[in-house]
Amino acid sequence: MKHRDKLAVMVLGIFCLLVHWRGFTAWFRADDFAWMGLTLSVHHFADVVKALFRPLAEGTIRPWSERAFFMGGYALFGLNPLPFRLVIFGTEFANLALVNSIGDRITGVKGAGFVAAIFWTLNNSSATALGWASAYNQVMCAFFVLLAFHFLLRYIETGQARYNVYQWLAFVAGFGAMELNVVYPALAAVYTLLCARKFFRRTLPLAGVSVVYFVVDRALARPDHNSEYSLHFTGAMLRTLAKYWAWTVGPQYFWTPVHAPNWLVIAAVALVSLGLVAFAARRRAGWFAIAWFAIAIAPVLPLRDHITDYYAFLPAVGLCWLGGWAVAQAFRTRSRALYSTLALAAIYLLIMAPRTLAASDWNYRLTMRARNLVEGLATVGDIHHGKTVLLDGVDTALFWNAVADRSYRLAGIDHLYVTEESRDSIQADPDLGDINEFVLPPEMASAALDQDQLVVYDVRGPLLRNITSAYADRALEPRLPAMLEVANPLAAPLLGREWYAADGNHRWMPKRATLRMAGPNAAGQKIYLRGYCPDDQLSAGPLAVAVTVDGVALGESSIGKGQNSFELAFTLPAQAYGEPEMQVQVEVARTFHTAADQRELGLAFGVFEVK
Amino acid sequence: MSEHGVPARAALSDVTGKSSTRRRGEAEKKRESGGNRVSAWVRGGAHSRAGWKAGGSQDWLPHKFGALIVVMLAMAGCSERVHRQATIEEAPQLAATINMGDRSAAGQLVSGFHDNEAGGWRWTERQFAVTLRPPRQAARLGAELELHLSVPQSSIDQLKSLTLTARVGGTALAPETYRKAGDYTYRREIEPGVISGRAARVDFALDHALPPGAADLRELGIVVQSAGMAAR
């Protein structure tokens, strides 16, 4: 690398740090805790492989950018954000170097890449990509795509086969970062078609890899059927494309710090867009830059209901190259277009930078709230070891960013709930999770307080405040839960004496066991039994399971071979509707025991739920 | 963990590690060139700076950056897994259940208890008393008193039987008589209205006890493991 290039990269790195300082100093939030939490389930090498490659989160498999990044980082450094940030920003510095280098190469104008990298750094999409650790997949995917494209250009320039090999290696490795990598063959094909026709055919085999990846990924992935991620191959895709374009050229949601009217921001976006298209119209590489945006954004266009700023992170590079080219070209030729180009660039910076800084700051503040909670919980775990924690004063942002992904497990807390009052102030989001899983029914809270098994903390301030006594003095209306995790120590008072002691996250029953829970609150509801039945129990054939509620038999179901993890459902009788309490009895046809465990074992249960 | 919240106890196969297939020559070459960059920078800082001024070798920047990352990572790695942040705790409360081995709750043993023994139990005198934190709403719903105790063979041998009574807030609870040595739980329900406030004193009494003697200068009643009060 030449001295001039090194200097450019250093300046870009410093500029990136200045713009995204809030991102560099941010902590963790939301999905970050879920990814790090995978480490807790790893005990053997087989667990590592499973954790790295099992489809998760809408069936995605991103071993490098999510699994290895978080699990490795957490295993080595715990909840220290600095190593994570160094990796994220180190990758981004490499991205900036590549954007700089590729920009100069494809435009043939020195400085075009540098200006493009400046534009990209200020783009809204980079705020979340660099500030939220879980969006590292975007940064890493961009790295592999840019790296592969860099080697393609080197291959075209030199004709040396090794660069083609490097391109392939970078491209294949990119699949471990994110599935968006499948678009690379299209990028390579369009570029060679427009600017290096001789190499076009040589890029086609790349598409074969993408096709194979797509087929295998679809076969392995098990999407969560989250409605937000539903694919809509309709005219809505064009609206989504227009939105992503507008939010790449201008600020997301047309937000400005001075609350400028929407028409003004839209006019500014239209001006910049016209300038870009007009500049690209007469240049083949200009069309490629626009194609880069269109191709890289294409996979997310069917996601009509999940439009996210950082999805434009990689696509934005194309438009930034175009903008950088226009500015550098204008400076070089000193043409009449210089002032209009500079004016458009100024408009872009003026409308984009405040939103990027604000988004970065917003993310930072959220992560700080999560830090206060999680680091406070670590102290709570030390002081009140083994006790269940109940949080009061949790609002929507804190819940979805610091509670829902079970951050507390990383702080040494096994069981954590929020008060009913908190639940009422949290905005529900079924696509993110079920708040009710985190609400401790009053009867269980009351019993736990009496048994000194529960501590209550107010999270409204920067420091957690113990309010156990004050909370205990509140008149709690006794009500049984509609969902019972039988291994939860707080559930013990609701279980019959026949249950065995809790064993991790499950509890064994003998031949017959009873428990108390709330009756259904709507007609036609069922009781769901979820648990585990080992092969030892099924070796004698299917196992019959009978359930009665308040003496009324609900019928019989059976667990067959291969159904080790089972879920059984029984329709509840009409007379149980609205009952504050119902007595549930479960009975299995036979029991078993092993050499290591001489207890009479029926089934292991995790959850009983009425819904 | 399975999707139903219960761990599938799948047998874990043995894993044999395979050595890296990276060619030795390449690895050595790498160590020569890039692998020792940090130490080279540490050793030859002056040389590098001279090179920078002279416009010669300018590889010192990556060296410095690499060293900085190594130092920062080392610092980060040395720190605790989760930083602890202060919390605002409330004043210590009375315990609802006192385990005799728990020194932090010893202040709630009002009278009649001898020193803590190694196994987490205490001998009592003929009369002994504790203060317990009653359950919430005990005034309205009542509570349940539990005393986990042992009657030693030596006591039965000499005294034939022991009768234990208890009083809470001036109300006497039903007595219980022990005629055999062994472990017992004295469990009595306390009616609503008997307890008020955040502390409840419970006075226990035995009908007789082993008097001080040559072997043990203490008056010995029964052995207690824990005393507690819970919601009914």
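The structure we're discussing is the one just above.
Residues numbered from 1 in each chain as written. Chains lettered and ligands numbered in written order. Predicted model: local features only at pLDDT ≥ 70, side-chain atom pairs only at ≥ 80, totals over all residues. Heavy atoms only, no water.

Asks: So what exactly am I meant to see when it comes to the overall build of chain B here?
Replies: Secondary structure assignment for chain B yields six helices and nine strands. Across the 232 residues in chain B, those meeting the buried criterion constitute 34%. Pairs at least 24 apart in sequence give 67% of the contacts found in chain B among residues at least 6 apart. Within the structure as shown, chain B displays about 14,000 Å² of accessible surface, and the carbon and sulfur contribution to it stands at 53%. (Helix = DSSP H or I, 4+ residues; strand = E, 2+ residues; numbered from the N terminus. Buried < 20%, exposed > 50% of the residue type's maximum accessible area, 1.4 Å probe, protein only. Contact = heavy atoms within 4.5 Å. Areas by Shrake-Rupley, 256 points an atom, 1.4 Å probe, with all protein chains shown as cover.)

Asks: Explain the sheet that holds strand 8 (residues 512–517) of chain A here, please?
Replies: Hydrogen bonds along the backbone pair up the strands of a sheet, which may run parallel or antiparallel. Residue and element names in this part refer to chain A. One open sheet holds the four strands; their spatial order is 8-13-10-11, and the pairing between them is antiparallel. Two strands in the sheet have a free side with no partner beyond their single neighbour: strand 8 and strand 11 (552–559). Adjacent strand axes in the sheet meet at a mean angle of 20°, parallel and antiparallel pairs treated alike. Across six bridges, strand 10 (residues 543–549) lies against strand 11 in antiparallel orientation. Bridge pairing links Val549 to Val552 in strand 11. (Pairing = 2+ DSSP bridges. Axes fitted to C-alpha atoms, helices over the stretch in contact; angles between N-to-C directions.)

Asks: What should I look at first to understand the environment of Tyr136 of chain A in this one?
Replies: Residues and elements named next belong to chain A. In this structure, Tyr136 sits in helix 9 (residues 136–158). Taking the relative accessible area as the measure of exposure, Tyr136 reaches 3% and is therefore buried. Residues Tyr136 and Leu344, 208 residues apart in the sequence, show an inter-C-alpha distance of 31 Å. In this structure, Tyr136 is in contact with Ser65, Phe69, Val87, Ile88, Thr91 and Ala129, ignoring residues within four places of it in sequence. Within the structure, Tyr136 has its side chain in polar contact with the side chain of Thr91 (distance 2.8 Å). (Polar contact = N/O pair within 3.5 Å; in protein donor to acceptor, adjacent residues only side chain to side chain.)

Asks: Would you explain the nonpolar core in this entry?
Replies: The nonpolar side chains of soluble globular proteins are, as a tendency, buried together. All names here are of chain A. Leu79, Phe149, Trp292, Leu377, Leu391 and Phe399 are the most contacted members of the largest nonpolar core, which totals 153 residues. If you tally residues by element for this core, the top one is helix 9, at 15 residues. Of all hydrophobic cores here, the second largest spans 48 residues; its members include Ala445, Ala448, Ile467 and Leu568. (Core = buried A, V, L, I, M, F, W, Y, C linked by side-chain atoms within 4.5 Å.)

Asks: Hey, could you run me through the sheet that holds strand 4 (residues 465–466) of chain A in this one?
Replies: Residue and element names in this part refer to chain A. Spatially, 2-1-3-4 is the arrangement adopted by the four strands of the open sheet, whose pairing is mixed. Every other strand in the sheet has two partners, leaving strand 2 (416–418) and strand 4 as the edge strands with one partner each. As defined by bridge partners, strand 1 (residues 388–392) adjoins strand 2 across three bridges and the pair is classed as parallel. Among the inter-strand pairings, Leu391 is bridged to a residue of strand 2, identified as Val418. Packed onto the sheet, helix 17 (residues 337–383) meets strand 1, strand 2 and strand 3 (454–458) and runs at close to 140° relative to strand 1.

Asks: Would you mind going over the state of the cysteines with me for this structure?
Replies: Note: disulfide means a covalent bond formed between the sulfur atoms of two cysteine side chains. All names here are of chain A. For the structure on display, the rule yields zero disulfides over all chains. The structure places no disulfide on Cys16, whose sulfur is separated from the nearest cysteine sulfur, that of Cys320, by 13 Å. According to the relative accessible area criterion, Cys16 is buried, its value standing at 0%. (Disulfide = S-S within 2.5 Å.)

Asks: Teacher, can you tell me more about the packing of helix 11 (residues 184–195) of chain A against helix 15 (residues 284–297) of chain A here?
Replies: Two measures define how a pair of helices packs: the angle their axes make with one another and the distance between the axes. Residues and elements named next belong to chain A. Two elements in contact, helix 11 and helix 15, have axes whose closest approach is 9 Å; the angle formed by their N-to-C orientations is 165°. Taken together, the axes of helix 11 and helix 15 are roughly antiparallel relative to one another. Judged by the sense of rotation from one axis to the other, the crossing of helix 11 with helix 15 is right-handed. Along the contact surface, helix 11 presents Ala186, Leu187, Val190, Tyr191, Leu193, Leu194 and Cys195, while helix 15 presents Arg284, Ala285, Trp287, Phe288, Ala291, Trp292 and Ile295. (Parallel < 35°, antiparallel > 145°, perpendicular 65-115°, else oblique. Left-handed = near helix turned anticlockwise from the far one by under 90°.)

Asks: Is there a simple way to think about helix 9 of chain A in this case?
Replies: Since the α-helix packs 3.6 residues into each turn, any two residues three or four apart lie on the same face. All names here are of chain A. The terminal C-alpha atoms of helix 9 lie 33 Å apart, and with 23 residues this matches the ideal 33 Å at 1.5 Å per residue to within 8%. Counting buried positions over the 23 residues of helix 9 gives 18, a clear majority of the element. Phi turns positive, to about 75°, at Gly159, one or two residues after helix 9. (Expected span 1.5 Å × (residues − 1).)

Asks: Before we go on, may I ask you to explain unusual backbone geometry in this structure?
Replies: Unusually for a residue other than glycine, Asp550 of chain A sits at a positive phi of about 50°. With respect to the element layout, Asp550 of chain A can be found in the loop between strand 10 and strand 11. With a phi close to 70°, Lys160 of chain B is a non-glycine residue in the positive phi region. With respect to the helices and strands, the residue Lys160 of chain B is situated in the loop between helix 6 (153–159) and strand 5 (162–168).

Asks: Even after reading the chapter, I still don't get the pattern of salt bridges, so can you show me in this structure?
Replies: Any two side chains of opposite charge can pair, so long as their charged atoms come close to each other. Residue and element names in this part refer to chain A. As enumerated under the stated definition, the model contains 29 salt bridges over all chains in all. Arg62 is the partner of Glu179 in a salt bridge, and the nearest nitrogen-oxygen pair spans 2.5 Å. Note that Glu179 is positioned in the loop between helix 10 (161–173) and helix 11 and Arg62 in the loop between helix 4 (45–53) and helix 5 (63–77), a separation of 117 residues in sequence. Among the residues examined, Glu179 registers a relative accessible area of 22% and is labelled partly exposed. Overall, the relative accessible area of 13% leaves Arg62 in the buried class. In this structure, the salt-bridge partner of Glu375 is Arg371, at a minimum N-O distance of 4.0 Å. Residue Glu375 and its partner Arg371 are located together in helix 17, separated by four residues, close to a single helical turn. Residue Arg371 is classed as partly exposed on the basis of its relative accessible area, which comes to 28%. By sharing partners, the salt bridges in this structure join Arg22, Asp361 and Arg365 into a single network. (Salt bridge = Lys/Arg side-chain N within 4 Å of Asp/Glu carboxyl O.)

Asks: Is there a simple way to think about the side chain of Arg62 of chain A in this case?
Replies: Side-chain polar atoms of Arg62 of chain A contact the side chain of Glu179 of chain A, separated by 2.5 Å. Every residue in contact with Arg62 of chain A, bar those within four places of it in the chain, is listed here: Arg67, Asn137, Gly176, Ala177, Met178 and Glu179 of chain A.

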